[in-house]
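# A structural walkthrough
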Amino acid sequence: MTSKPEMQGTGRTDAERVAESYYDSSDADAFYETVWGGEDIHIGLYEPGLSIQAASRRTVVAMAELLQTLGPDSRVLDLGAGYGGSARYLAREFGCHVTCLNLSEVQNERNRQLNRQQQLEHRVSVLHGSFESIPCEADSFDIVWSQDAFLHSDRRTQIISEIDRVMTHRGELVFTDPMQADDCPEGVLKPVYDRLDLQSLASIAFYRSQLAAHGFQEQKILNLVFQLRNHYDNVRAKLEADRAELSQNISAAYIDRMIAGLKHWVAAADAGYLAWGILYFTRNIDAS
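Residues numbered from 1 in each chain as written. Predicted model: local features only at pLDDT ≥ 70, side-chain atom pairs only at ≥ 80, totals over all residues. Heavy atoms only, no water.

### Quick word on the sheet that holds strand β5 (residues 167–176)
Strand order in this open sheet of seven strands is β3-β2-β1-β4-β5-β9-β7, and the pairing throughout is mixed. Across the chains shown, the open sheet's two edge strands, defined by having one partner strand only, are β3 (124–128) and β7 (217–223). Sheet twist, expressed as the mean angle between neighbouring strand axes with direction ignored, is 15 degrees. Summarising the sheet, strand β1 (residues 75–79) and strand β2 (residues 97–102) pair through five bridges and their orientation is parallel. Bridging from a neighbouring strand, leucine 77 pairs with threonine 99 of β2. Packing against the sheet, helix α3 (residues 52–66) makes contact with β4 (141–147), β5, β7 and β9 (277–282), and its axis sits at approximately 150 degrees to β4. (Pairing = 2+ DSSP bridges. Helix = DSSP H or I, 4+ residues; strand = E, 2+ residues; numbered from the N terminus. Axes fitted to C-alpha atoms, helices over the stretch in contact; angles between N-to-C directions. Contact = heavy atoms within 4.5 Å.)

What follows is the structure, encoded as structure tokens:
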């Protein structure tokens with residue numbers, strides 16, 4: 001067995017350590033591979049009859065359709081890339097090169113394996129590292145992409161500074177993130193925070209103000225919090241329906257904690273305390 005590589009970048013925060021330990025665990029790896037679908041492990045865009053896997057891929061397609069400069073010459077950075085499903089879609093459909101940056105080396109190794117299996121290793125590269133300290137040179141990427149990853153950081157202003165640093169002057173940024181509503185009352189999201197040891201969530205207002213301060217122009221923000229609600233409820237239902245089969249590879253304690261945590265997310269969404277959607281910003285590009 002090979003030793004785990006050192007994470008590139010500077011020293012890790014407590015939030016990064018928690019996220020890395022969680023996603024490297026055998027329970028989490030089995031859960032995301034079997035329940036979520038194994039490649040696209042983020043919130044989906046649902047229509048009647050769509051599976052979790054199909055809805056998750058639909059989010060990737062919707063995000064890609066917003067981008068103006070995506071093509072064979074594009075250099076894309078996927079922050080918190082998970083198993084790399086989005087990166088492979090972009091590389092395969094648009095011929096671009098995608099760099100995946102991710103904290104979990106367990107996920108990174110599966111990403112590399114899937115790249116080899118799909119003969120895309122020449123278009124998709126994988127780095128073990130943190131988006132709080134991106135191990136890449138300035139002005140390296142035309143497009144920065146991320147899905148449901150920034151919530152794991154307690155230094156989100158640092159993430160935006162790093163995106164600003166590594167993006168070209170005509171770059172595009174598209175991402176999703178589970179967020180709190182702009183008018184969320186203080187203290188009501190503690191059950192949500194506790195699921196993954198979070199201390200806070202960002203908001204749409206936060207991203208608007210912070211990105212504007214770095215010279216980004218807002219092009220489109222789609223607040224689709226009902227899709228977050230649907231996604232987490234569908235995952236909960238699948239866990240409950242397939243519990244006997246899933247418990248062969250996932251511990252009962254993990255399943256119990258996940259079901260309880262997902263119920264808290266659904267309740268918070270129903271109460272109007274959460275936000276989620278696709279956020280698209282550019283620099284020096286006139287988007288219609």
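### Structural notes on the pairing of β9
Summarising burial for β9: six of the six residues are buried, a large majority. The pairing of β5 with β9 spans five bridges and is classified as antiparallel. Its bridge partner lying in β9, phenylalanine 175 is registered against leucine 279. (Buried < 20%, exposed > 50% of the residue type's maximum accessible area, 1.4 Å probe, protein only.)

### Quick look at the confidence of the model for the protein chain
This prediction gives the protein chain a mean pLDDT of 91; 94% of its residues lie at or above 70. For residues 1–10, every residue scores under 50 in pLDDT, and the model assigns this stretch 20 contacts once sequence neighbours within four places are set aside. (pLDDT = per-residue confidence, 0-100.)

### Comments concerning the pairing of β3
Of all five residues making up β3, four are buried, and the element is well covered by its neighbours. Taken together, the five bridges between β2 and β3 define a ladder with parallel strand orientation. When the sheet's bridge partners are listed, asparagine 102 is paired in β3 with histidine 128. Once the chain exits β2 it traverses helix α5 (residues 105–117) before rejoining the sheet at β3, and the crossover so formed is right-handed. (Right-handed = clockwise from strand over helix to strand, strands pointing away.)

### Quick look at unusual backbone geometry
Of note in the backbone geometry, glutamine 119 takes a positive phi value of approximately 55 degrees without being a glycine. Positive phi, normally seen in glycine, also occurs at aspartate 148, with a value near 55 degrees. With respect to the secondary-structure elements, aspartate 148 resides in the loop between β4 and α6 (156–166).

### Thoughts on the state of the cysteines
This structure, assessed with the given rule, holds zero disulfides. The closest cysteine sulfur to the non-disulfide-bonded cysteine 96 is located on cysteine 100, 10 Å from its own sulfur. By relative accessible area, cysteine 96 is classed as buried at 0%. Classification of cysteine 100 as buried rests on a relative accessible area of 0%. (Disulfide = S-S within 2.5 Å.)

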